There are 2 protein chains.
Amino acid sequence: MPRSQRTPFVILGLLGISNRQPRSGYEIKKAIDTVVSSFWHESNGQIYPALKRLASSGLIEIRADIKKGRPKKLYLITPKGRERLRAWLASPIEIGRPRDELMLKLFFGSETDIPTLIGHVEAHRDRAKGMLEKCSQWEKENSANPGSHRPFFNLTLGAGTALSEANLRWAEESLRILATMPAAKAKS
Amino acid sequence: MPRSQRTPFVILGLLGISNRQPRSGYEIKKAIDTVVSSFWHESNGQIYPALKRLASSGLIEIRADIKKGRPKKLYLITPKGRERLRAWLASPIEIGRPRDELMLKLFFGSETDIPTLIGHVEAHRDRAKGMLEKCSQWEKENSANPGSHRPFFNLTLGAGTALSEANLRWAEESLRILATMPAAKAKS
DNA sequence: TAGCACATGTAATAAGTTACATGATTTT
DNA sequence: AAAATCATGTAACTTATTACATGTGCTA
């Protein structure tokens, strides 16, 4: 959805929270794919050009550029970059325009057969289950480390848990409903 | 998210379920903006070119072309189009890559102040409330018309209700948590 | 007669993905 | 010695939005 240009802010955010630790593009990509992967993604095709633009506008700076051995550029957020990040964090949330293919296919349900729909909802249920497991895994790690309170991560964790529970419950309820429906159109 | 090209299938789906009733591009856009708006969207810049491509590949056909008076092209799905729609409905759901700006901003919460975060979560709570109201409105209309069972719409309605309830509960819980946090960084 | 809803479309631009190229280092 | 991982990047392409152009018919 072509909108504001949020890639630079994800980078700024990750450099912002990694306190004074310079990070490489590769590390940023890794972080996106692991720690925020359940609510954000970026491709290399977005990250590396954004890094260049951020550096040339002085919002980040190259702190180390290891040429010998493995090539690696380490970036650090500048005060100007922190300011820009803060401004973005305070700006209103851009609501993502909805594009939920499962809902669309269910809505067009009369044009296909019940077993097909059941398959889609089962897959959705399994994804929700997987997500829920991931969340409780994180919660377990949290209580194992009582020293490190990560209050903001915990808010997002709570959302993940709440949403996947709701998805799971809805899927199971919907599967019960679908099971009672006449298989009007036989499978092909 | 550049993926399969789903616009034509939304069109095919809407023409598919509007039993034998030919529809104009304008009506299709209207339908998207009203009946499926909570889980899908399309712009005119997508719809009209897609309509052309669908017609030239024989998946839809112009049933009426009113030139006199208000210009209007009415499209109807062809048997070939129905086949294509069915195949798409049976194909696996393409999972939308996540891009949840609220979660991202919460995750970077340490880089801003608590009142800012509270503002974002309040806005989210209000959106969830609005959605929930819309859902119960639809449910009311459903029980008012006991004759017309719309089982597939009801599945999507159930999802809308479940998800917005979960969002609402999470938001309220999170606001309680945020209220207890020290306003470490004062507002600017 | 002004304004709104109806109606169809296009051009410029932006955002984002995919797939690849390139090469170093570490692990098996 | 092969394979995996670390590491940086680019080019071609697709999808999508935004903003506009153009015109009709109805209604206040």
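Structure shown above.
This is a predicted model, so every value here is computed, not measured.

Undergrad: Before we move on, could you go through the pairing of strand β1 (residues 60-66) of chain B and cite the residues and values that matter?
TA: Residues and elements named next belong to chain B. Across six bridges, β1 lies against strand β2 (residues 72-77) in antiparallel orientation. What sits directly across from Ala 64, in β2, is Leu 74. Count of turn residues in the β1/β2 antiparallel hairpin: five residues, of which Gly 69 carries a positive phi of about 65°.

Undergrad: Run through the relation of the copies chain A and chain B, naming residues and quoting values.
TA: With an axial shift of 0.0 Å and an RMSD of 0.0 Å, the rotation relating chain A to chain B amounts to 180°. The superposition operator between the copies reduces to a two-fold rotation axis. The residues that chain A uses at the interface reappear at the interface of chain B in 100% of cases, marking a shared surface.

Undergrad: Any details on unusual backbone geometry? Residues and values, ideally.
TA: Among all residues except glycine, the phi angle is most often negative; among peptide bonds, the trans geometry is most common. Residues and elements named next belong to chain B. Despite not being glycine, Gln 5 has its phi angle at roughly 105°, a positive value. For Gln 5, the location among the structural elements is in the segment before α1 (7-17). A positive phi angle, near 65°, is found at Arg 20, a position not held by glycine. By the element assignment, Arg 20 lies in the loop between α1 and α2 (25-34). According to the relative accessible area criterion, Arg 20 is exposed, its value standing at 60%.

Undergrad: Could you give an account of the sheet that holds strand β1 (residues 23-24) of chain A, naming the residues involved and the relevant values?
TA: Residues and elements named next belong to chain A. A sheet is described by the order of its strands in space; here three strands give the open sequence β1-β3-β2, paired in antiparallel fashion. Lying at the two open borders of the sheet, with one neighbouring strand each, are β1 and β2 (60-66). Against the sheet, helix α1 (residues 7-17) makes contact with β1, β2 and β3 (72-77), and its axis sits at roughly 80° relative to β3, the strand it touches most.

Undergrad: Lay out the protein's contact with DNA strand D in plain terms, naming residues and giving numbers.
TA: For DNA strand D, the set of nearby residues contains 27 residues, the closest of which are Arg3(A), Lys30(A), Lys73(A), His41(B) and Gly69(B). If you look at DNA strand D and keep only atoms within 4 Å of the protein, 78% of those are sugar or phosphate atoms. The contact in question runs from a phosphate oxygen of DNA strand D to an N or O atom on the side chain of Lys52(A), over 2.9 Å. Counting only elements with at least two residues in the surface near DNA strand D, the list comes to α2 (25-34), α3 (44-56) and β3 of chain A together with α3 (44-56) of chain B. Looking at the surface near DNA strand D, the element that brings in the most residues is α3(A), giving four residues. The class makeup of the residues in the surface near DNA strand D is five nonpolar, 12 polar and 10 charged.

Undergrad: Help me get a handle on the packing of α1(B) against α3(B), residues and values and all.
TA: Residues and elements named next belong to chain B. One way to put it is that α1 packs onto α3 with a least axis distance of 9 Å and a crossing angle of 75°. Comparing the axis directions of α1 and α3 gives the class roughly perpendicular. Seen from α1, the contacting residues are Thr 7, Pro 8, Ile 11 and Leu 12; seen from α3, they are Gln 46, Ile 47, Ala 50, Leu 51 and Leu 54. Residue classes in the contact of α1 with α3 are distributed as seven nonpolar, two polar and no charged.

Undergrad: Lay out the interface of chain A and chain B in plain terms, naming residues and giving numbers.
TA: Across the boundary between the two partners, chain A contributes 68 residues, which contact 68 residues of chain B. Carbon and sulfur atoms supply 71% of the area buried between chain A and chain B, which totals about 6,300 Å² over both sides. On the chain A side of the interface with chain B, the three residues burying the most area are Arg99(A), Phe107(A) and Phe152(A), jointly 13% of the side's total. Note that Glu111(A) is salt-bridged to Arg82(B), the shortest N-O span being 2.7 Å. Where chain A packs against chain B, one counts 26 residue pairs in polar contact (both at pLDDT 80 or more). Those elements giving two or more residues to the side of chain A that touches chain B turn out to be α1, α4 (79-90), α5 (101-107), α6 (114-144) and α7 (151-180) of chain A. At 15 residues, α7(A) tops the list of elements feeding residues into the side of chain A that touches chain B.

Undergrad: Residue-level account of the pattern of salt bridges, with values.
TA: Any two side chains of opposite charge can pair, given that their charged atoms come close. Tallied over the full model, the rule gives 18 salt bridges over all chains. Arg63(A) is paired through a salt bridge with Glu61(A); the nearest N and O atoms lie 2.7 Å apart. What makes Arg63(A) partly exposed here is its relative accessible area of 47%. A salt bridge links Asp113(A) to Arg86(B); the shortest N-O distance between them is 3.3 Å. Of this pair, Asp113(A) sits in the loop between α5 and α6 while Arg86(B) is found in helix α4 (residues 79-90), placing the two residues in two different chains. Of the residues examined, Arg86(B) reaches a relative accessible area of 25% and is grouped as partly exposed.

About the criteria used
Residue positions are given per chain, counted from 1 along the sequence in the order it is written. Whichever chain is written first becomes A and whichever ligand is written first becomes 1, with later ones labelled in order. Where totals are concerned, whole chains, interfaces and linings use all residues; where local detail is concerned, this predicted model gives features only for residues with pLDDT of at least 70, and gives and counts side-chain atom pairs only at 80 or more. Working from all heavy atoms in the structure, the side-chain values ignore hydrogens and water. Here the rule is simple: two strands pair whenever DSSP picks up at least two bridges between them. Secondary structure elements follow DSSP: runs of H or I no shorter than four residues count as helices, runs of E no shorter than two count as strands, and numbering proceeds from the N terminus. Copy-to-copy alignment: least squares on C-alpha atoms, limited to residues at pLDDT 70 or above in both. In this analysis, two residues are considered to be in contact whenever any of their non-hydrogen atoms come within 4.5 Å of each other. Any residue under 20% of the maximum accessible area for its type is buried, any over 50% is exposed, and the rest in between are partly exposed; the area is computed with a 1.4 Å probe on protein chains only. Here the axes come from fitting lines to C-alpha atoms, over the contacting stretch only for helices, and the angles between their N-to-C directions go from 0 to 180 degrees. Nearness of a residue to a molecule or strand requires only that one of the residue's heavy atoms be within 4 Å of it. Two N or O atoms form a polar contact when they lie within 3.5 Å of each other; inside protein one atom must be a possible hydrogen donor and the other a possible acceptor, and for residues adjacent in sequence the pair counts only when both atoms belong to side chains. Nonpolar residues are Ala, Val, Leu, Ile, Met, Phe, Trp, Tyr, Cys and Pro. Charged residues are Asp, Glu, Lys and Arg, and all others, Gly as well, are polar. Note on angle classes: values under 35 degrees are labelled roughly parallel, values over 145 roughly antiparallel, values of 65 to 115 roughly perpendicular, and the remainder oblique. Here the quantity called buried area is the total loss of accessible area, with a 1.4 Å probe, experienced by two parts when brought into contact, counted for both. Any Lys or Arg side-chain nitrogen found within 4 Å of a carboxyl oxygen on Asp or Glu counts as a salt bridge.

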